[in-house]
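Structural features, examined
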Amino acid sequence: QVQLVESGGGLVQAGGSLRLSCAASGPTDSVYAMGWFRQAPGKEREFVAVINGSGGSTVYGDSVKGRFTISRDNAKNLVYLQMNSLKPEDTAVYYCALDPLTGRFDFWGQGTQVTVSS
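Reading the values: the criteria
Residues numbered from 1 in each chain as written. Predicted model: local features only at pLDDT ≥ 70, side-chain atom pairs only at ≥ 80, totals over all residues. Heavy atoms only, no water. Helix = DSSP H or I, 4+ residues; strand = E, 2+ residues; numbered from the N terminus. Rg over C-alpha atoms; globule rule 2.2 N^0.38 Å. Buried < 20%, exposed > 50% of the residue type's maximum accessible area, 1.4 Å probe, protein only. Areas by Shrake-Rupley, 256 points an atom, 1.4 Å probe, with all protein chains shown as cover. Lys, Arg positive; Asp, Glu negative; His and termini not counted. Charge placed at Lys NZ, Arg CZ, Asp CG, Glu CD. Pairing = 2+ DSSP bridges. Axes fitted to C-alpha atoms, helices over the stretch in contact; angles between N-to-C directions. Salt bridge = Lys/Arg side-chain N within 4 Å of Asp/Glu carboxyl O.

On to the overall build of the protein chain, then. Tallying secondary structure elements over the protein chain gives 0 helices and 11 strands in all. Of the regular secondary structure in the protein chain, the N- to C-terminal order runs β-β-β-β-β-β-β-β-β-β-β. Taken over the C-alpha trace, the protein chain has a radius of gyration of 13 Å; the compact-globule value for 118 residues is 13 Å, and the two agree within 12%. The principal-axis extent of the C-alpha atoms belonging to the protein chain is close to 40 × 25 × 25 Å. A buried classification covers 42% of the 118 residues belonging to the protein chain. Carbon and sulfur atoms form 48% of the exposed surface of the protein chain, whose accessible area is close to 6000 Å². Side-chain charges of the protein chain comprise 10 positive and 10 negative groups, with the mean position of each set lying 4 Å from the other.

Spatially, 4 strands are ordered β1-β3-β8-β7 in an open sheet, and the strand pairing comes out antiparallel. Two strands in the sheet have a free side with no partner beyond their single neighbour: β1 (3–7) and β7 (68–73). Taken pair by pair, the neighbouring strands of this sheet meet at an average axis angle of 15°, ignoring direction. Bridge count between β1 and strand β3 (residues 18–25): 5 bridges; the pairing is antiparallel. Looking at β3, one finds that Glu-6 is bridged to Cys-22.

A few words on the pattern of salt bridges. Under the counting rule described, the total for this entry stands at 5 salt bridges. Here Asp-90 ties to Arg-38 by a salt bridge, and the two come within 2.9 Å at their closest N and O atoms. Of the two residues, Asp-90 sits in the loop between β8 (78–83) and β9 (92–99) while Arg-38 sits in strand β4 (residues 33–39), which places them 52 residues apart along the sequence. Owing to a relative accessible area of 0%, Asp-90 belongs among the buried residues under this scheme. Residue classification places Arg-38 among the buried positions, given a relative accessible area of 5%. For the salt bridge of Arg-67 with Asp-90, the shortest nitrogen-to-oxygen distance reads 2.7 Å. In this pair, Arg-67 is assigned in the loop between β6 (58–60) and β7 and Asp-90 in the loop between β8 and β9, connecting sequence segments 23 residues apart. Pair check on accessibility: Arg-67 and Asp-90 agree, each one buried.

Moving on, we get to unusual backbone geometry. Phi at Ser-85 takes a positive value of approximately 50°, unusual for a residue other than glycine. Within the element layout of this structure, Ser-85 appears in the loop between β8 and β9. With a phi close to 65°, Leu-101 is a non-glycine residue in the positive phi region. Checked against the element boundaries, Leu-101 lands in the loop between β9 and β10 (107–108). By relative accessible area, which is 60% here, Leu-101 ends up exposed.

Printed below as a string of structure tokens:
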């Protein structure tokens, strides 16, 4: 069973930076796409970013383009989300997810809280 564990969340002031990590274990494969999503209280889950298996292709949600960067280290089974120029509206629980070539994100981590103060 695939397991995903996020870390790196916390409290940061507006304009600051954080780097989230997602550690994948179990029957994972470097060909799998990995993504980051977030959910703020009372809001729908929002797509943040996705990276393909090789790391050569990335897509970002409109609200984070130019500020966030997704990357991966397949040797270590890690995916990162570098978040710069953080805004209070970035406050949410951030989730890592894996698409095992089904076209869906079938596996999810437990989430890590990011709080941006104004």
